[in-house]
Amino acid sequence: MTKLLHASSRPLSRRAFLQSSAVGAAVASLAPGLVFSPAAAQSALTVGFIYVGPKDDYGYNQAHAEGATAIKALPGVTVVEEENVPETVDVQKTMESMINLDGAALLFPTSFGYFDPHMLEMSKKYPDIHFRHCGGLWQEGKHPANTGSYFGYIGQGQYLNGIAAGYATRSKKIGFVAAKPIPQVLQNINSFLLGARSVDPAITCQVIFTGEWSLAVKEAEATNALIDQGVDVVTCHVDSPKVVVETAAGRGAFICGYHANQGPLAPEKYLTGAEWAWGNVYADFVKKAQAGEKLGNFVRGGLKEGFVKMSPLGPAVSEEARRKFEATLGEMMTAGFSVFKGPIRDNKGNVVVTDGQAFAEDAIELESMAYLVEGVVGSAA
């Protein structure tokens, strides 16, 4: 069963209903949240999903919405969703509504900015409700036990994107439209170039930071600027890659996707894409919750664990590229493959990974990455 509320499509939204603290308190006293413990475990479970943007953005929000769709078929599960919820006190009102009006006992506020203070405030107010946040912000001993985080090693997917790009480029210039120079974004940029350089060490990657997670005008401008500089394969790390994909394809460049499958937007130019596989992650949380088992507080995985997947290879991918892509994917699906293997220098000439060093995807060195590798034209500052 699915309930879907849009703040913009009903006269009285969840958030509007709870504008009054008196109303919120009255509802809370009448309809307390479900107690989450082995003794009170029950197969019936209502799960709430909250998105900062539209569910059909071909990007970050769509990937999570696809994960929510995957658990709707599970027995005993009711899913409630709300999209276009700002990273403000509005998300607290949405969470309270889901708990008090819908009986949600497990909440997934999916956007990065929902965590602090909003999710943390709600988790303290509702200690019997479980909250899980996408990202790496949860810390043991610092944050409430009924909260936690989940994330995937999608840099593996960007490395595979790089392999496809390495075979497709003719100019030996690939491009990256990035939102902000935070560690996860820098890791994706670096992984993309390292994958391409496994094909041809002469390839360079030009990066432009827009400064915003979602700003269509800047994303289009950045894509056009990259292509004007000779880039012929483009990828990105923004909330919705739709503008980047359509702009690049319209200019004749090849595309590697991110977050979700953007293949339908540019079927002839889409090479492949690094996608989230949140359905697997959400199903595991839900099944544990239904069984009254402990939910993980710090959950991570990559391609092998089913947290990440790749878009199907497009028609422009050569047979040679396909063989290299599939062989590398096979290595990643077993064990021991490292994207970051020394020697590696940053783009200022400093040795950042020494000869013989190799970092696993869960290495703290990667989670705190503050550099761009040699061959990336751009600045992380």
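Preceding this section is the structure that the text describes.
All values derive from a computational prediction rather than experimental measurement. (Residues numbered from 1 in each chain as written. Predicted model: local features only at pLDDT ≥ 70, side-chain atom pairs only at ≥ 80, totals over all residues. Heavy atoms only, no water.)

Asker: Please provide a residue-by-residue account of the pattern of salt bridges, values included.
Answerer: Any two side chains of opposite charge can pair, so long as their charged atoms come close to each other. This structure, assessed with the given rule, holds seven salt bridges. Residues Lys 55 and Glu 81 are paired through a salt bridge, measuring 3.3 Å at the closest nitrogen-oxygen approach. Separated by 26 residues along the polypeptide, Lys 55 in the loop between strand E2 (45-50) and helix H3 (60-71) and Glu 81 in strand E3 (residues 77-83) bring together distant segments of the chain. Here the two residues Lys 55 and Glu 81 agree in accessibility, since each one is buried. Where Lys 72 meets Glu 81, a salt bridge forms, and the shortest distance between an N and an O atom there is 3.1 Å. For Lys 72, a relative accessible area of 23% puts it in the partly exposed group. With a relative accessible area of 0%, Glu 81 lands in the buried category. (Salt bridge = Lys/Arg side-chain N within 4 Å of Asp/Glu carboxyl O. Helix = DSSP H or I, 4+ residues; strand = E, 2+ residues; numbered from the N terminus. Buried < 20%, exposed > 50% of the residue type's maximum accessible area, 1.4 Å probe, protein only.)

Asker: Can you break down H3 residue by residue, with the values?
Answerer: Across its 12 residues, H3 extends 18 Å between first and last C-alpha, which sits within 8% of the 16 Å expected from 1.5 Å per residue. The buried count for H3 comes to nine of 12 residues, which makes it a mostly enclosed element. By the burial criterion, the buried members of H3 are Tyr 60, Asn 61, Gln 62, Ala 63, His 64, Ala 65, Gly 67, Ala 68 and Ile 71. (Expected span 1.5 Å × (residues − 1).)

Asker: Just give me the short version of the pairing of E2, but keep the residues and values in it.
Answerer: Regular strands have side chains that alternate between both faces of the sheet. Of all six residues that make up E2, six are buried, and the element is covered over most of its length. Neither face of E2 is exposed, since Leu 45, Val 47 and Phe 49 on one face and Thr 46, Gly 48 and Ile 50 on the opposite face are all buried. Pairing of E2 with E3, which is carried by six bridges, proceeds in the parallel orientation. Bridging from a neighbouring strand, Leu 45 pairs with Val 77 of E3. For the segment spanning E2, H3 and E3, crossover handedness is right-handed. Of the strand pairs in this sheet, E2 and strand E4 (residues 106-109) are connected by four bridges, and their pairing is parallel. Its bridge partner being in E4, Gly 48 is matched across the sheet by Leu 107. (Pairing = 2+ DSSP bridges. Right-handed = clockwise from strand over helix to strand, strands pointing away.)

Asker: Describe the sheet that holds strand E18 (residues 376-377), with residues and values.
Answerer: Sheets are built from strands that pair by backbone hydrogen bonding, the pairs being arranged parallel or antiparallel. The strand order across the open sheet built from seven strands is E13-E11-E10-E9-E7-E8-E18, with neighbouring strands paired in mixed fashion. The open sheet has two edge strands with one neighbour each: strand E13 (308-310) and E18. Where strand E10 (residues 254-259) lies against strand E11 (residues 270-276), five bridges are found, and the strand directions are parallel. Considered in E11, the bridge of Cys 256 is made with Thr 272. Against the sheet, helix H9 (residues 242-250) touches strand E7 (173-178), strand E9 (233-237) and E10, its axis set at about 175 degrees to E10. (Contact = heavy atoms within 4.5 Å. Axes fitted to C-alpha atoms, helices over the stretch in contact; angles between N-to-C directions.)

Asker: Requested: an account of the packing of aromatic side chains, with residues and values cited.
Answerer: Within this structure, the stated rule accounts for 13 aromatic pairs. Ring centres 5.7 Å apart and planes at 55 degrees place the aromatic pair Phe 108 and Phe 285 in the tilted group. Separated by 177 residues along the polypeptide, Phe 108 in strand E4 and Phe 285 in helix H10 (residues 278-291) bring together distant segments of the chain. Residue class for Phe 108 comes out buried when judged on its relative accessible area of 0%. (Phe/Tyr/Trp six-rings, centres within 6.5 Å; stacked < 30°, edge-to-face > 60°.)

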